[in-house]
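For reference, the chains in residue letters:
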Amino acid sequence: MEKTMEHRVKTASGVVSVIVYGDREKPALITYPDLALNHMSCFQGLFFCPEAASLLLHNFCIYHISPPGHELGAAPICPNDSAPSADDLADQILEVLNFFGLGVVMCMGVTAGAYILTLFAMKHRERVLGLILVSPLCKAPSWSEWFYNKVILKLLYYYGMCGVVKEFLLQRYFSKEVRGNVEIPESDIAQACRRLLDERQSVNVMRFLDAIDRRPDISSGLKKLKCRTLIFIGDQSPFYSEAVHMAATLDRGYCALVEVQACGSMVTEEQPHAMLIPMEYFLMGYGLYRPCLFTESPRSPLSPSCIAPELLSPESMGLKLKPIKTRLSAA
């Protein structure tokens, strides 16, 4: 029976909220969101997509991990508590897995969350079955990202989750089309995200941002990462070049790159249907399928004819995924 339950897991670096959804007898899929987000604001679009939900819930029990203090209704974390590093957050993943008695897991993360899960996979390769990464980070912050992070940290400290901070974050998450402008109104997705950001405690967001701002470059260790990896990147994401760099650095026999046109960083919310077919073929390599797999969905903007042949090749069904570039046709 599928049910949703929140667990509060005590770790060496503080308490972590984990939302568990599905049949715990199934393999585990761990999710980790981007900065200032949780599963409601980062993965709801994907899991509300009927085809993706049937694919993932048919095969996995979902464990939505929130960064410390990012869960719904979270109280401000005590300023006297030591701020965790990116390493500490990755180690929390191991403690969560051990708490639930999980062995090898599939991981899905977005931007900062993708970095944390990749770091976890590098430190504990025996615990990770595969990685699904959306607009991932792997290098230390560039000068421009470092500057933006410092501005956001100052604004959060003095003004909390103010309008300017929310604008910075929406630019991080979404494409121009979704954010809107003078002529085009802001989309429902951006408006909903803006409302959810109001619920975040600024001190908690600062702690996560500080950890990500101090992250080390993990590029040199990516070659040793031998789990299969599927990377999605929106062509309007500010982290586009970093995702391409990561795909190029990973072992070419284990990684596939899917580029989504007219999309920002948060593909899970902005264009979740673009993830469906690549994920289907990625999971086939593990013997996992969606019910009625070969019934083409009219909802999906990708059809088999749009997928690069590399992803559909026999090699992609096993342990060898080649880097690919897939674009959605312009709407």
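Residues numbered from 1 in each chain as written. Predicted model: local features only at pLDDT ≥ 70, side-chain atom pairs only at ≥ 80, totals over all residues. Heavy atoms only, no water.

- With an unreviewed UniProt entry as reference, the protein chain is termed Pollen-specific protein SF21 isoform X2, source organism Camelina sativa.

1. A closer look at the packing of aromatic side chains
Then step 1. All chains considered together, the criterion is met by nine aromatic pairs.
Then step 2. Judged by centre distance (5.8 Å) and plane angle (80 degrees), the ring pair of Trp143 and Trp146 falls under edge-to-face. Within this pair, Trp143 and its partner Trp146 are both found in helix H6 (residues 143–159), separated by three residues, close to a single helical turn.
Then step 3. Classification of Trp143 as exposed rests on a relative accessible area of 72%.
Then step 4. Residue class for Trp146 comes out partly exposed when judged on its relative accessible area of 36%. (Phe/Tyr/Trp six-rings, centres within 6.5 Å; stacked < 30°, edge-to-face > 60°. Helix = DSSP H or I, 4+ residues; strand = E, 2+ residues; numbered from the N terminus. Buried < 20%, exposed > 50% of the residue type's maximum accessible area, 1.4 Å probe, protein only.)

2. Considering a nonpolar patch on the surface
Then step 1. Judged by side-chain polarity, Trp143, Trp146, Phe147 and Tyr148 come together as a nonpolar surface patch covering roughly 530 Å² of accessible area.
Then step 2. Residue position: Phe147 is located in helix H6. (Patch = residues over 30% accessible without salt bridge, like charges linked within 9 Å, V, L, I, M, F, W, Y side chains within 5 Å. Areas by Shrake-Rupley, 256 points an atom, 1.4 Å probe, with all protein chains shown as cover. Salt bridge = Lys/Arg side-chain N within 4 Å of Asp/Glu carboxyl O.)

3. Comments concerning the pattern of salt bridges
Then step 1. All chains considered together, the criterion is met by twelve salt bridges.
Then step 2. Note that Arg194 and Glu186 form a salt bridge whose closest N and O atoms lie 2.4 Å from each other.
Then step 3. With a closest N to O distance of 2.9 Å, Asp210 and Arg214 form a salt bridge.
Then step 4. The exposure class assigned to Arg214 is partly exposed, which follows from its relative accessible area of 44%.

4. Quick look at the side chain of Ser41
Then step 1. Relative to the assigned elements, Ser41 resides in helix H1 (residues 39–42).
Then step 2. On the basis of relative accessibility, which here comes to 5%, the residue Ser41 falls in the buried class.
Then step 3. A distance of 3.0 Å separates a polar side-chain atom of Ser41 from the backbone nitrogen of Asn38.
Then step 4. Ignoring sequence-local partners within four residues, the contact set of Ser41 consists of Leu196, Met266 and Glu269. (Polar contact = N/O pair within 3.5 Å; in protein donor to acceptor, adjacent residues only side chain to side chain. Contact = heavy atoms within 4.5 Å.)

5. Quick look at the side chain of His124
Then step 1. Examined against the element boundaries, His124 turns out to sit in the loop between helix H5 (112–123) and strand S6 (128–134).
Then step 2. Ignoring sequence-local partners within four residues, the contact set of His124 consists of Asp91 and Leu94.

6. Thoughts on the packing of helix H4 (residues 86–100) against H5
Then step 1. At a minimum axis distance of 9 Å, the contact between H4 and H5 shows a crossing angle of 70 degrees. Relative to H5, the element H4 lies roughly perpendicular. When the axes of H4 and H5 are compared, the crossing they make is right-handed. Of the residues in H5, those in contact with Ala86, Asp87, Leu89, Ala90, Asp91, Ile93, Leu94 and Leu97 of H4 are Tyr115, Ile116, Leu117, Leu119, Phe120 and Lys123. (Axes fitted to C-alpha atoms, helices over the stretch in contact; angles between N-to-C directions. Parallel < 35°, antiparallel > 145°, perpendicular 65-115°, else oblique. Left-handed = near helix turned anticlockwise from the far one by under 90°.)

7. Let's talk about helix H11 (residues 240–249)
Then step 1. Three or more residues of H11 are buried, namely Glu242, Ala243, Met246, Ala247 and Thr249. Around the axis of H11, the buried residues are gathered within 165 degrees of arc, so they sit on the same side.
Then step 2. Packed against the buried residues of H11 are H5, S6, strand S7 (228–234) and strand S8 (255–260). (Arc of directions from axis to C-beta.)

8. Describing the sheet that holds S8
Then step 1. Taken in spatial order, the eight strands make up an open sheet running S1-S2-S4-S3-S5-S6-S7-S8, and their pairing is mixed. Edge positions in the open sheet fall to strand S1 (3–11) and S8, since each of these has one partner strand only. Averaged over neighbouring strand pairs, the angle between their axes works out to 20 degrees when direction is ignored.
Then step 2. Across four bridges, the pairing between strand S3 (residues 28–32) and strand S4 (residues 61–65) is parallel. In the strand pairing of S4, Leu29 is matched with Ile62. (Pairing = 2+ DSSP bridges.)

9. A word on the packing of H6 against helix H7 (residues 163–173)
Then step 1. Where H6 contacts H7, the axes come no closer than 9 Å and their chain directions differ by 150 degrees. Considering the angle they form, H6 stands roughly antiparallel to H7. The two elements H6 and H7 meet at a crossing, and its hand is left-handed. Of the residues in H7, those touching H6 at Tyr148, Val151, Ile152, Leu155 and Leu156 are Val164, Val165 and Phe168.
Then step 2. Taken together, the residues of the contact of H6 with H7 break down into eight nonpolar, no polar and no charged. (Nonpolar A, V, L, I, M, F, W, Y, C, P; charged D, E, K, R; others polar.)

10. Section: the UniProt feature "transmembrane region" (unreviewed entry) in the protein chain
Then step 1. With numbering matched to this structure, UniProt assigns "transmembrane region" (unreviewed entry) to residues 99–122.
Then step 2. Span residues 99–122 is 54% helix and 25% strand, its end C-alpha atoms 20 Å apart. (UniProt positions renumbered as here; feature names shortened; annotations may be inferred.)

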